[in-house]
Amino acid sequence: MATVTKQDLIPLLLRPWEPIGTTKETKRGKFAYLLPKNFVDERFHHLGHRGSAIGEGVQVVQVDDCHDDDKHRINKVANKLRRSDQVSFFNLKHQKIAVELVNIFLEQKTLGNLLSVASYARDRVNPNLFNYALTSTILHREDTANLELPSFVSIFPEKFIQSTVLQMARFEGNYVQSDERKSIVVPGDYSATDKDPEHRLAYFREDIGVNSHHWHWHLVYPYHGPFSNKDRRGELFYYMHRQMVARYNAERFCNKLPRVERLIDFRSRIREAYYPKIDNTKFPGRPAFQMLNNLDRDDVQLDVGDLEIWRSRILNAISSGQIKKPDGQVGRLDSIDALGNMVEASPEKSPNFAYYGNLHNEGHDMISVIHDPDYRNLENAGVMSAAETAMRDPIFYRWHAFVDYIFQRYQSTLPSYKSDALSFSDLSITDFKVESDGETSKNTFVTSWLQSDVDVSGGLDFQGDGTVNVRFTHLTHADFKYHINYENKGPDRTGTCRIFLGPKYNEAKKNWSFNHQRLFMIELDRFPVRLYHGTNNIVQKSQDSSVTISYDRIFNLEDENASGDGPSDFCRCGWPDYMLIPKGTPEGFPCQLFVMISNDNLIAEPKTSCSQNSMSYCGSKDGSKFPDSRAMGFPFDRESESASLDEFIKPHKQPAYTNMSVIDVKIRLNDEVKVNERDQGRSPLEY
């Protein structure tokens, strides 16, 4: 039996449309598989010995045959979806097919067995299905959990980057020597113009890192299958998506647009259009003023009335506090986690999947085929059908504003927090400020634009060796530090520091009520602190935020642990660090920065955390306890009798919460574009 390492799995993910027998290039060099003859279509035997194109300087990986039973099961999976079919993991039928393949991979007792069945499956099943199943397996198996995976962007660049840019990238990869290649520049306006006010938000909606985060979150927290039974999965679904809507609203305010209007009426026309310009054959555009219609497609049959019934039943459960169980008995709706598992319905965790339905996911499905609901024109689904593309579309935020409204309704039934939950005796925050690198103005965040390169060669099938880079423009911010001075009159102890940012005024430039403003608060950081007796200072860097992961981690640019042998447990789930702060305005967008040191202790980092830094949105990928016992979003997850944020900190008729502080800050946009220092050695190529 051949000796196999987990790194030998990586080439299976690259260039998904090329046959497995072609040579693949990874960070560790060139690889080729030595395959059993029956693994390879006879049409590809000319590529080399038993299907492998083995040349000089190529590392050869011996792949053993697998059991006939596994081959039979893989062929059954392959027959359920053609390789050319569009896949949507919001679609329960597709998700169930993916789970079948995941289970086959998980059952393999050794890495060698896994490599064998994955190699057999690789050219037989749908490439999107294969990538999802193998990536999910690698993230969750103990013997592969710390393997650094290629960036999903580099494997499927057509899901993130304009089609015309990729055409030029393929030309560059095929006909230009690797050391002479230029970076193909993604134009600033390619999906629309500013005639459409919504296009002002394209830098956010179409950002590669933002969409990559959404894909990875749903990969780590699937609603069905062996990995769906994770601690507080339903609650994390609500919180992560609320945060994305809050961030989107902050960006809208910065661009002089009102908050996103939730999609409540399922029978009214949707005024927004969206034409993505990515992989046009897979993701058609959606014209303006379309209406939801009953679906009658090969992979989904659904009526608009089904969404309305599910919505009504869920809202009734919230107002009554009771749920209907499958056996007809009545139970209590006792947590937002249970509600989350009803809304993004998990067949395993929903209290009654048949009765409460699959509101969130089927809403995605219905919107995504609004242009061809009965498939009479053989049109594929739009970007709302896929986690990696859905955030590009303005309707995503209207849909999720509605979904969040359901959670707001539930939270309105909960009692307000009392002093015992909010206070921290004998602890006072005496000073709080933020300092941005290179900025002399007090309490000012500084943002600007940066052009960075992404290597897309891992997804450019049928082209030459070497990297091929695409250059895109993204928001960024100057690094900054929080300075928190405190006085602890008690003994040495621990607490949790929680930092949030929110617009100071609403879109009408009026002061907020607390119960409105709390929904617009963006979490910036959450970390444990050791509180020493006396007067002390906490300094926290923005680079260490519990929300984000670095650009290098998103796009797999770091060399450390490239072998996968180190302690890394990164799954690339995490908000991109360069998008931590909203865009701001040239004159300085006014915000409030809130800090609280709560009387609790973050649970120790899980052994297989999704990321060292991105705990707030991504938790742990192994299903261990979410590393914070408080409700997600605390203390802004419940309504309050306080009229304003200031009154929340200094309530009437009781002592002020000295463990909290709020300051006025500004976000100043330096509206210029620079090229990332690491990429300045490559010349740009525009078209």
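The structure reproduced in this document is the subject of the present report.

How each quantity is defined
- Within each chain, residue numbers correspond to sequence positions counted from 1 in written order.
- Only residues with pLDDT of at least 70 get local features here, since the model is predicted, and only at 80 or more are side-chain atom pairs given and counted; chain-wide, interface and lining totals rely on the full set of residues.
- Where side-chain values are given, they derive from all heavy atoms of the structure, hydrogens and water being excluded.
- Helix and strand labels come from DSSP, where a helix needs a run of H or I of at least four residues and a strand needs a run of E of at least two; each type is numbered from the N terminus.
- We compute the radius of gyration from the C-alpha atoms alone; for a globule the expected value is 2.2 Å times N to the 0.38, where N is the number of residues.
- When checking whether two residues touch, look at their non-hydrogen atoms; a contact exists if any pair is within 4.5 Å.
- Note on charges: Lys and Arg go in the positive column, Asp and Glu in the negative column, and His and the chain ends are not counted at all.
- Where a charge sits is defined by one atom per residue type, namely NZ (Lys), CZ (Arg), CG (Asp) or CD (Glu).
- The span you would expect from a helix comes to 1.5 Å times its residue count less one.
- When accessible area is computed with a 1.4 Å probe and restricted to protein chains, residues below 20% of their type maximum are described as buried, those above 50% as exposed, and intermediate ones as partly exposed.
- Within 3.5 Å is the distance limit for a polar contact, defined as a pair of N or O atoms, with the added protein rule that one can donate a hydrogen and the other accept it, and that residues adjacent in sequence qualify only through two side-chain atoms.
- Convention adopted: a line fitted to C-alpha atoms gives each axis, helices being fitted over their contacting stretch, and angles between N-to-C directions are expressed from 0 to 180 degrees.
- Angular relationships are summarised with four words: roughly parallel below 35 degrees, roughly antiparallel beyond 145, roughly perpendicular across 65 to 115, and oblique for the angles in between.
- Two helices crossing with the near one rotated counterclockwise from the far one by less than a right angle form a left-handed crossing, whereas a clockwise rotation gives a right-handed crossing.
- Under this grouping Gly is polar, as are all residues other than the nonpolar Ala, Val, Leu, Ile, Met, Phe, Trp, Tyr, Cys and Pro and the charged Asp, Glu, Lys and Arg.
- The pairing criterion is simple: DSSP has to find at least two bridges between the two strands.
- Working definition: a ring pair exists when centres of Phe, Tyr or Trp rings (six-membered ring for Trp) sit within 6.5 Å. Plane angles under 30 degrees give stacked, over 60 give edge-to-face, the rest tilted.
- Two conditions define a charge sitting above a ring: the NZ of Lys or the CZ of Arg must be within 6 Å of the ring centre, and it must be within 35 degrees of the ring normal.
- In plain words, nonpolar cores are sets of buried Ala, Val, Leu, Ile, Met, Phe, Trp, Tyr and Cys residues tied together by side-chain atoms within 4.5 Å.
- One side-chain nitrogen of Lys or Arg within 4 Å of one carboxyl oxygen of Asp or Glu is enough to make a salt bridge.
- Any residue with an atom within 4 Å of a point lines the site, the site being either a cavity, points on a 1 Å grid over the protein atoms alone where a 1.4 Å probe fits but cannot get out, or a pocket, an open set with protein on both sides within 12 Å along at least 5 of 7 lines.
- Grid points are joined across faces, edges and corners, and a volume is the space filled by probe spheres set on the points.
- In what follows, a disulfide is any cysteine sulfur pair within 2.5 Å.

1. As for the overall build of the protein
Along its length, the protein carries 19 helices and 20 strands. For 687 residues, the compact-globule estimate of 2.2 N^0.38 gives 26 Å, and the C-alpha radius of gyration of the protein, at 25 Å, lies within 12% of that figure. A separation of at least 24 residues holds for 78% of the contacts in the protein among residues at least 6 apart in sequence. If you average the places of the 84 positive and of the 94 negative side-chain charges in the protein, the two averages end up 3 Å apart.

2. Details of helix 14 (residues 394–411)
Across its 18 residues, helix 14 extends 26 Å between first and last C-alpha, which sits within 8% of the 26 Å expected from 1.5 Å per residue. By the criterion of burial, helix 14 is predominantly enclosed, with 15 of the 18 residues buried. Structurally, the start of helix 14 carries an N-cap: the backbone nitrogen of I395 is 3.0 Å from a side-chain oxygen of D393.

3. Here we look at the packing of helix 3 (residues 111–122) against helix 4 (residues 127–140)
Where helix 3 meets helix 4, the axes come as close as 11 Å, and the angle between the chain directions of the two elements is 165°. By the criterion of interaxial angle, the relationship of helix 3 to helix 4 is roughly antiparallel. Here helix 3 and helix 4 pass one another in a crossing that is left-handed. Listed contacts from helix 4 to L114, A118, A121 and R122 of helix 3 are F130, L134 and T137. Across the contact of helix 3 with helix 4, the residue classes tally to 5 nonpolar, 1 polar and 1 charged.

4. A word on the sheet that holds strand 9 (residues 427–436)
Here 3 strands make up an open sheet; going across it, the order is 9-12-15 and the pairing antiparallel. In this open sheet, the two edge strands, each paired with only one partner strand, are strand 9 and strand 15 (534–541). Along the sheet, successive strands turn relative to each other by an average axial angle of 15°, direction set aside. The sheet contact formed by strand 9 and strand 12 (residues 480–488) spans 9 bridges and is antiparallel. Note that in strand 12 the partner of K433 across the bridge is H483.

5. Some points on the packing of aromatic side chains
Tallied over the full model, the rule gives 39 aromatic pairs. Taking the centre distance of 6.4 Å and the plane angle of 50° together, the rings of W217 and F237 count as tilted. Here the residue W217 occupies a position in helix 8 (residues 208–220), and F237 occupies one in helix 9 (residues 233–254), the gap between them amounting to 20 residues. Of the two residues, W217 and F237, neither departs from the other in class, the shared state being buried. Taking the centre distance of 4.8 Å and the plane angle of 80° together, the rings of F445 and F480 count as edge-to-face. A residue pair is termed long-range when its members are at least 10 positions apart, and F445 in strand 10 (residues 444–455) and F480 in strand 12 qualify at 35 residues. Exposure remark for F445: the relative accessible area of 1% places this residue in the buried category. Each member of the aromatic cluster is reached from another via a ring pair, and the members are W217, Y221, F237, Y238, Y239, F407 and Y617. The cationic tip of K230 hangs over the ring face of Y221; the distance from NZ or CZ to the ring centre is 5.2 Å.

6. A short note on the sheet that holds strand 20 (residues 684–685)
On the basis of which strands lie adjacent, the open sheet formed by 8 strands has the order 14-13-18-19-10-11-4-20 and mixed pairing. Edge positions in the sheet fall to strand 14 (522–531) and strand 20, since each of these pairs with one other strand and no more. In this structure, strand 4 (residues 183–185) lies alongside strand 20, joined through 2 bridges in parallel fashion. Across the sheet, residue I184 finds its bridge partner in strand 20, namely L685.

7. Details of the nonpolar core
Membership of the largest hydrophobic core comes to 155 residues, with the highest contact counts inside it found for L101, F105 and L339. With residues up to four places along the chain from it excluded, the contact list for L101 reads I74, V77, A121, V125, L129, F130 and A133. Counting 36 residues, the second largest nonpolar core, distinct from the first, contains I484, I499, F527 and C591.

8. A closer look at helix 8
Over its 13 residues, helix 8 extends 18 Å from the first C-alpha to the last, a length consistent with the 18 Å expected when each residue adds 1.5 Å. Within helix 8, 13 of the 13 residues are buried, leaving the element largely enclosed by the surrounding structure. Its side-chain oxygen placed 2.9 Å from the backbone nitrogen of G209, D207 serves as the N-cap of helix 8.

9. Some words on the pattern of salt bridges
All told, the structure shown has 36 salt bridges when counted by the stated rule. Across the pair R553 and E148 runs a salt bridge, and its minimum N-O distance is 2.0 Å. Within this pair, whereas R553 is found in helix 17 (residues 551–554), its partner E148 is found in the loop between helix 4 and helix 5 (152–155), the two being separated by 405 residues in sequence. A salt bridge links E308 to R267; the shortest N-O distance between them is 2.9 Å. In this pair, E308 is assigned in helix 10 (residues 304–320) and R267 in the loop between helix 9 and strand 5 (295–297), connecting sequence segments 41 residues apart. Look at E308 and you get partly exposed, because its relative accessible area is 22%.

10. Some points on empty space enclosed by the protein
Overall, the coordinates contain 7 cavities of 30 Å³ or more when judged by the stated rule. The calculated volume of the largest cavity comes to roughly 200 Å³. Tallying contributions element by element places helix 8 first for the lining of the largest cavity, with 3 residues. Grouping the amino acids of the lining of the largest cavity by side-chain chemistry returns 13 nonpolar, 5 polar and 3 charged. Each pocket or cavity is described by its volume, and for the second largest cavity that value is around 80 Å³.

11. Observations regarding the state of the cysteines
By definition, a disulfide is the covalent link that joins the sulfur atoms of two cysteine residues. Scanning the model with the defined rule gives 1 disulfide in all. For C254, which is in no disulfide, the shortest distance to another cysteine sulfur is to C591 and amounts to 6.5 Å. Of the residues examined, C254 reaches a relative accessible area of 5% and is grouped as buried.

12. A closer look at unusual backbone geometry
Residue P635 is bonded to the preceding F634 through a cis peptide linkage, with omega at 10°. Within the element layout of this structure, P635 appears in the loop between helix 18 (615–618) and helix 19 (645–649). Despite not being glycine, R232 has its phi angle at roughly 60°, a positive value. Turning to its location among the elements, R232 is positioned in the loop between helix 8 and helix 9. On the basis of relative accessibility, which here comes to 15%, the residue R232 falls in the buried class. Not every positive phi belongs to a glycine, and K256 is a case in point at roughly 60°.

13. Concerning the pairing of strand 12
Examined bridge by bridge, strand 12 and strand 15 share 8 bridges and lie antiparallel to one another. Paired with N488 across the two strands is G534, which belongs to strand 15.

14. Structural notes on the packing of helix 2 (residues 92–106) against helix 4
Axis separation between helix 2 and helix 4 bottoms out at 9 Å; the angle between their running directions is 50°. When the axis of helix 2 is compared with that of helix 4, the two are oblique. Considering only the axes of helix 2 and helix 4, their crossing is right-handed. For the pair formed by helix 2 and helix 4, the contact residues are H94, Q95, I97, A98, L101, V102, F105 and L106 on the first element and L129, F130, Y132, A133, L134, S136 and T137 on the second. Counted by class, the contact of helix 2 with helix 4 contains 11 nonpolar, 4 polar and no charged residues.

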